[in-house]
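# Summary of the model geometry
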Amino acid sequence: MSKFCCCAKHPYINNVKVVLLNNKEVYYKFTNDTLVEDIFHDVCSSMNLQERDIFGLAMLCNDEGWLFIEPSEFMHRIITNYFVPTDQKCSTDIFFLPITKSLNHCSLQSSYPTVYFRVRFYIPIHCINERATQHIYYLQLRKNHVLYELFCDPNVYLQLAAFALQAELGDAPKIFNPETEISYFLPELYYPKKILSEEIIPC
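Since we're looking at a predicted model, the values are computed, not measured. (Residues numbered from 1 in each chain as written. Predicted model: local features only at pLDDT ≥ 70, side-chain atom pairs only at ≥ 80, totals over all residues. Heavy atoms only, no water.)

Our focus in this paragraph is the overall build of the protein. In terms of regular secondary structure, the protein is built from 5 helices and 8 strands. Taken from the N to the C terminus, the helices and strands of the protein come in the order β-β-β-α-β-β-α-β-β-β-α-α-α. Residue burial in the protein is summarised as follows: out of 203 residues, 38% are buried. In the protein, of all internal contacts separated by at least 6 residues, the share reaching a separation of at least 24 is 65%. Working note: accessible area of the protein is about 12,700 Å², and carbon and sulfur atoms make up 56% of it. (Helix = DSSP H or I, 4+ residues; strand = E, 2+ residues; numbered from the N terminus. Buried < 20%, exposed > 50% of the residue type's maximum accessible area, 1.4 Å probe, protein only. Contact = heavy atoms within 4.5 Å. Areas by Shrake-Rupley, 256 points an atom, 1.4 Å probe, with all protein chains shown as cover.)

This is the structure in structure tokens:
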């Protein structure tokens, strides 16, 4: 079992940073006996997540995109084999799994080796029973939509933005003065940059 560390000022090799789909970062300590699945289940437990089979921990590797880590591997072996300091930066707009290329070492984006909690298997939404699972699944789909610029018809972008606003903010305010109040709708949070730059969607 890994040990949760909410704050650490000095990096050690037995610490790993996990980035969640809401962009929050949590830190875990591990030993030579800690498996990847131990940390994975600790992350799931911290979110009260019971339906776990569709999720996993992934690394962002140079030229390879997202690589999901085998749960039965020892975490210290993953850190030793794949995380080395480097000046080369990984692209953040790739989310495919490696297929044929040999693995390169993963960039060390911070003082800690970093892994990401992500959806590993995409399934129909009606197959997901719990509200917490549905919300995390939604966060992954929204990230795919906004950051990775998945191609959609403009009308689909409008509908997805409307669904996201309703899910996150509820009904629109009955009274809103744009001259005195901060806008509750920020297009850059709901539409890909490419769509905004081409002015396909009215802001």
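Next comes the rest of the account.
Before going further, it helps to examine the nonpolar core. The biggest cluster of nonpolar side chains holds 31 residues, and the ones touching the most others in it are Val18, Ile39, Phe55, Leu57, Met59 and Phe117. Per-element accounting of this core gives the leading share, 5 residues, to helix α1 (residues 36–46). Looking at which domains feed residues into this core, each of domain 1 (15–119) and domain 2 (125–198) supplies at least three. Ala164, Tyr190, Tyr191 and Ile195 belong to the second largest nonpolar core, which has 9 residues in total. (Core = buried A, V, L, I, M, F, W, Y, C linked by side-chain atoms within 4.5 Å. Domains from an automatic or database assignment.)

What follows deals with the pattern of salt bridges. Using the criterion set out here, one finds 1 salt bridge in the structure. A salt bridge links Glu25 to Lys17, with the nearest nitrogen and oxygen atoms 3.7 Å apart. (Salt bridge = Lys/Arg side-chain N within 4 Å of Asp/Glu carboxyl O.)

For any pair of aromatic rings, geometry is given as the distance between the ring centres together with the angle between the planes. If you walk through the whole model with that rule in mind, you get 5 aromatic pairs. Taking the ring centre of Trp66 as reference, the NZ or CZ of Arg118 above it sits at 4.1 Å. (Phe/Tyr/Trp six-rings, centres within 6.5 Å; stacked < 30°, edge-to-face > 60°. Lys NZ or Arg CZ within 6 Å of the ring centre and 35° of its normal.)

On to α1. Quick reminder: α-helices carry 3.6 residues per turn. Residues three or four places apart thus point the same way. Those residues of α1 lying buried are Val36, Asp38, Ile39, Phe40, Asp42, Val43 and Cys44. Close packing links the buried residues of α1 with β2 (15–19), β3 (25–29), β4 (55–61), α2 (75–82) and β8 (114–119). Count one or two residues on from α1 and you reach Asn48, which has phi positive near 55 degrees.

With that settled, consider the environment of Glu25. Inspection of the secondary structure puts Glu25 in strand β3. Taking relative accessible area as the criterion, Glu25 reaches 44% and is therefore assigned partly exposed. C-alpha separation for the pair Glu25 and Tyr116, spaced 91 residues apart in sequence, amounts to 9.3 Å. A polar contact of 3.3 Å, which involves the side chain of Glu25, links it to the side chain of Tyr27. (Polar contact = N/O pair within 3.5 Å; in protein donor to acceptor, adjacent residues only side chain to side chain.)

Running from N to C, helix α3 (residues 131–147) and helix α4 (residues 154–169) point in directions that differ by 140 degrees, and their axes come no closer than 12 Å. With respect to their mutual orientation, α3 and α4 come out oblique. With respect to the hand of their crossing, α3 and α4 are arranged in left-handed fashion. Across from Tyr138, Arg142 and His145 in α3, the residues of α4 making contact are Tyr157, Leu160, Ala164 and Glu168. Of the residues in the contact of α3 with α4, the class split is 4 nonpolar, 1 polar and 2 charged. (Axes fitted to C-alpha atoms, helices over the stretch in contact; angles between N-to-C directions. Parallel < 35°, antiparallel > 145°, perpendicular 65-115°, else oblique. Left-handed = near helix turned anticlockwise from the far one by under 90°. Nonpolar A, V, L, I, M, F, W, Y, C, P; charged D, E, K, R; others polar.)

We now examine the side chain of Lys143. Assignment of secondary structure puts Lys143 in helix α3. On the accessibility criterion, Lys143 (15% relative accessible area) is buried.

The backbone of Asn23 sits at a positive phi, close to 75 degrees, despite the residue not being glycine. Secondary-structure assignment places Asn23 in the loop between β2 and β3. Located in the positive-phi region is Asn48, a residue other than glycine, with phi close to 55 degrees. Within the secondary structure, Asn48 sits in the loop between α1 and β4.

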